[in-house]
Amino acid sequence: MAPALLLFTTFLLIPIVYAIWLSLRANRRIGGGILSKLTEVFVGLENYGRALGDPILYGALGRMLIYGLLVVPTMLGLALMFALLLDLPRVRLRTATRISIFLPYAVPGVIASLLWGFLYLPRVSPIRAAFEAANLTPPDFFTSTSVFFSVANIAVWGGTGFNMIIMYTALRSIPAELYDAARLDGCGELQIAWRIKIPLLFPAVVMTFIFSMIATLQVFNEPQTLTPLTNVISSTWMPMQKIYTDAFVLNDIYSAAATSVMFALVTLVLSLGVLTLLQRRAFGEDR
Amino acid sequence: MSAAPVVAADRNGPAAGASALPSRRRAVSSHRGATLVLVIGALYCLLPVAWVIMASTKTPGELFTTFSLWPSFTGGIQGNVQGLLAYKDGLFLRWAANTALYAGVGALLTVLISGAAGYAMAKYRFTGREFVFRVILAGVLVPQVTLAIPQYLLLAKIGLVGSYWSVLLPTMISPFSIYLARIYATAAVPDELLEAGRIDGAGEFKLFRSVAMPLMLPGLVTIFLLHFVSVWNNFLLPFIMLSDDSKFPMTVGLFSLLNQGASQPALYTLVITGSMLSILPLIALFLLLQKYWRLDLLSGGLKG
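Reading the values: rules and limits
- Residues numbered from 1 in each chain as written.
- Chains lettered and ligands numbered in written order.
- Predicted model: local features only at pLDDT ≥ 70, side-chain atom pairs only at ≥ 80, totals over all residues.
- Helix = DSSP H or I, 4+ residues; strand = E, 2+ residues; numbered from the N terminus.
- Buried ≥ 20, exposed ≤ 12 C-beta atoms within 10 Å, placed from the backbone.
- Contact = placed C-beta atoms within 7 Å.
- Rg over C-alpha atoms; globule rule 2.2 N^0.38 Å.
- Domains from an automatic or database assignment.
- Nonpolar A, V, L, I, M, F, W, Y, C, P; charged D, E, K, R; others polar.
- Axes fitted to C-alpha atoms, helices over the stretch in contact; angles between N-to-C directions.
- Parallel < 35°, antiparallel > 145°, perpendicular 65-115°, else oblique.
- Left-handed = near helix turned anticlockwise from the far one by under 90°.
- Core = buried A, V, L, I, M, F, W, Y, C linked by C-beta atoms within 7 Å.
- pLDDT = per-residue confidence, 0-100.

**Student:** I tried to follow the overall build of chain B on my own but got confused; where do I start?
**Tutor:** If you tally the helices and strands in chain B, you get 15 helices and zero strands. Counting the 304 residues in chain B, one finds 41% classified as buried. Across chain B, every contact between residues at least 6 apart in sequence was considered, and the portion connecting residues at least 24 apart equals 70%.

**Student:** Would you mind going over the overall build of chain A with me for this structure?
**Tutor:** Per the secondary structure count, chain A includes twelve helices and two strands. Secondary structure elements of chain A occur, N-terminal to C-terminal, as α-β-β-α-α-α-α-α-α-α-α-α-α-α. For 287 residues, the compact-globule estimate of 2.2 N^0.38 gives 19 Å, and the C-alpha radius of gyration of chain A, at 24 Å, exceeds that figure by more than 25%. Taking the principal axes of the C-alpha coordinates as reference, chain A spans close to 90 × 60 × 35 Å. The burial tally for chain A puts 44% of its 287 residues in the buried class. Look at the contacts in chain A between residues 6 or more apart in sequence, and 68% of them connect residues 24 or more apart.

**Student:** Hey, could you run me through the domain arrangement of chain B in this one?
**Tutor:** You'll often see interface size given as the accessible area lost when the parts meet. All names here are of chain B. Each assigned domain of chain B is listed here: domain 1 (3–84) and domain 2 (88–301). Contact residues are listed per partner, giving eleven residues for domain 1 and ten residues for domain 2. For the side of domain 1 that touches domain 2, the secondary structure elements donating two or more residues are α2 (20–55), α3 (60–65) and α4 (76–86). With four residues, the single largest contributor to the side of domain 1 that touches domain 2 is α4. Among the residues forming the side of domain 1 that touches domain 2, the class breakdown is seven nonpolar, three polar and one charged.

**Student:** Can you walk me through unusual backbone geometry in this structure?
**Tutor:** Glycine aside, a negative phi is what most residues show, and trans is what most peptide bonds show. At A:Asn135, a position not held by glycine, the phi torsion is positive, near 60°. Looking at the element boundaries, A:Asn135 is found in the loop between α6 (126–133) and α7 (146–172).

**Student:** Looking at this model, I keep getting lost on the interface of chain A and chain B. Mind explaining?
**Tutor:** In this complex, chain A contributes 80 residues to the contact, which on the side of chain B involves 76 residues. Here the side of chain A that touches chain B takes twelve residues from helix α1 (residues 2–23) of chain A, the largest share from any one element. Here the residues of the side of chain A that touches chain B sort into 63 nonpolar, 13 polar and four charged.

**Student:** What should I look at first to understand the environment of A:Ser100 in this one?
**Tutor:** Positionally, A:Ser100 belongs in helix α4 (residues 94–102). Look at A:Ser100 and you get buried, because 20 C-beta atoms sit within 10 Å. Along the chain, A:Ser100 and A:Gly161 lie 61 residues apart, while their C-alpha atoms are 8.3 Å from each other. Apart from the residues lying within four places of it in its own chain, the contact partners of A:Ser100 are B:Ala42, B:Cys45 and B:Leu46.

**Student:** Mind showing me how you'd approach the packing of helix α5 (residues 109–120) of chain A against helix α14 (residues 267–289) of chain B here?
**Tutor:** The description of two helices packed together rests on the angle between their axes and the distance between the axes. Two numbers describe how α5(A) lies on α14(B): the axes approach to 10 Å, and their chain directions differ by 135°. One finds that α5(A) runs oblique with respect to α14(B). For the crossing formed where α5(A) meets α14(B), the hand is left-handed. Residues A:Ile111, A:Leu114, A:Leu115 and A:Phe118 of α5(A) pack against B:Val271, B:Ile272, B:Ser275, B:Ser278 and B:Ile279 of α14(B). Class assignment of the residues belonging to the contact of α5(A) with α14(B) gives a composition of seven nonpolar, two polar and no charged.

**Student:** What should I look at first to understand the nonpolar core in this one?
**Tutor:** Considering soluble globular proteins, one finds that nonpolar side chains tend to be buried as a cluster. With 155 residues, the main nonpolar core has A:Phe82, A:Ala83 and A:Met167 as its most contacted residues. Residues contacting A:Met167, with those up to four places away along its chain left out, are A:Ala79, A:Leu80, A:Ala83, A:Leu201, A:Ala204, A:Val205 and A:Thr208.

**Student:** Which parts of the structure should I look at to understand the environment of B:Leu47?
**Tutor:** Position of B:Leu47 among the secondary structure elements: in helix α2. C-alpha of B:Leu47 to C-alpha of B:Lys206: the two residues are 159 residues apart in sequence and 50 Å apart in space.

**Student:** Whenever I open this one, helix α8 (residues 176–184) of chain A confuses me. Can you help?
**Tutor:** For α8(A), a buried count of zero out of nine residues is recorded, marking the element as mostly open to its surroundings. Among the residues trailing α8(A), A:Gly186 stands out with phi positive, at a value near 90°.

**Student:** Explain the domain arrangement of chain A here, please?
**Tutor:** Residues and elements named next belong to chain A. According to the domain assignment, chain A contains domain 1 (1–44) and domain 2 (56–286). Centre-to-centre separation of domain 1 and domain 2, based on C-alpha positions: 35 Å. The partner domain 2 presents six residues to the six residues of domain 1 that form the contact. Split by residue class, the side of domain 1 that touches domain 2 holds four nonpolar, one polar and one charged.

**Student:** Looking at this structure, how should I read the environment of B:Pro170?
**Tutor:** Residues and elements named next belong to chain B. Note that Pro 170 resides in helix α8 (residues 164–172). By the C-beta count within 10 Å, which is 25 here, Pro 170 ends up buried. Along the sequence, Pro 170 and Leu 237 sit 67 residues apart, while their C-alpha atoms lie 8.6 Å from each other.

**Student:** Would you take a moment to explain the packing of helix α3 (residues 55–86) of chain A against helix α9 (residues 189–217) of chain A for this structure?
**Tutor:** Residue and element names in this part refer to chain A. For the pair α3 and α9, interaxial distance at closest approach is 10 Å and the crossing angle is 145°. As for how α3 packs across α9, the hand of that crossing is right-handed. Touching Met 64, Tyr 67, Gly 68, Val 71, Val 72, Met 75, Leu 76, Ala 79, Leu 80 and Leu 84 of α3 are Ala 193, Lys 197, Val 205, Thr 208, Phe 209, Ser 212, Met 213 and Thr 216, all from α9. The residue makeup of the contact of α3 with α9, split by class, is 13 nonpolar, four polar and one charged.

**Student:** Looking at this model, I keep getting lost on the confidence of the model for chain B. Mind explaining?
**Tutor:** Close reading of the predicted structure is inappropriate where its pLDDT is low. All names here are of chain B. On average, residues of chain B score 79 in pLDDT, and 84% of them are at 70 or above. Confidence, read as mean pLDDT per element, is least for helix α1 (residues 3–12) in chain B (38) and greatest for helix α12 (residues 236–241) (91). Note that residues 1–25 has pLDDT below 50 and, in this model, 23 contacts with residues that lie over four places away or in other chains. Across the predicted assembly, pTM comes out at 0.83 and ipTM at 0.84.

In structure tokens form, the structure reads like this:
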């Protein structure tokens, strides 16, 4: 316990406090002419004000919203569908398909983006080659619109299997007698899924939703990995990329700290909000 | 999609008269549809993996001229692997070893720390316990970059930036692992057993090591695997902390190679071969350890 608390303090609490401290400061030129020098001074909430007035941040937030609306429903919808299908009696190739769909979880986001990046890249893409062979206009995966789908696809590819396994595991723990009773009452598989399985899966779905939401807020690896392959993804395409660029490319750690602290707060409020709201609805007096 | 055949069968159901026969036919047809949907899903998930294996058989010239979802048998694969291993005196193998160090050793230490912390929080009553637990829960939600900037500056102050420690130390503390360990310890270690041990005169450390640890083992294995994957996936932290390419993990290494490839497309085949060689062992490991995945631990967590 003691070493854990120590590490926890060193690498979690102190950094958080330090981030907040940094966000309230800035480098200023003191004095004038050739004698002036850069000094770190306290500036209060100025960094926050500047970040909130920054159109680049709003651009990134808007793109993140589009990306999230594409990824989260698609990924969780597919995961739920696959989990329910796997749980049907008499489905063939159950193990093979389950393992194949889970497989992308073993591939790190950076490498997944590399692989898909090449599948998108005009000179290499077999998808484009297939279109050309069929005399069709090949899709361009890197226009300013299609790039949203291209990046979202990588996240869906990487995340569906993991979420599917969580939901499938939850499904397997539902006692089979429930289904037998429903079948005796004349329920089809679709009705069983809709009336029994999905309501009982609710906690697992809520959890995967919160995880996916947090992952969306923090998306960095996939777009960052694609930047060498295309010009449509700027260095401030997603909010995390903007924070990274501010801190380590533009060397303005102070406003990067301010933005990242605001992000932490938004994540915290959103996650706890969703959790309380859904739990109150789903579990009644459970808590 | 999958629902379509079921709905169609439903509509025909009553017209067919006798109830047993149509319902069986309905079941069979819908499950054939279900299998088909699952197979399509599986193929979609396998596509990039299949592609990288095919593409790694191609020489740099062939990559841009031949259909890349079909293997070449001109010996490109040997050339690519040799080229990759020779790249900057075996830098690729360094990246592999570094990844094993960061993910393997990192996850092992994390499991020990989280296991102890989770156990302590589940089994000992001390003032502020609930508060500490809530802070840890909140820690799960703090974005990585919010921590990474101050961690970078702090480690820079003590001169650790750029060292192995700069990646190992921050990953060792994982609020999520502690949270899971606490849930698991609450469920798996009975208080009576600890009481019995205390009456027999066992010290608290001995109790943890020889009573609690073995009982928590299945949960700890899951925590290890989850953390292993998250470190192996981690890109931002090493990307910020490290500048010396001999200390890079695989992800940052391949990214830097791709970055150079933007001006020298010949390096693309190295990136592709490197990606292939780095995911195959991990996929093998996953298939091997399949039965140790206890993800019900995750879904159980929400109620706990």
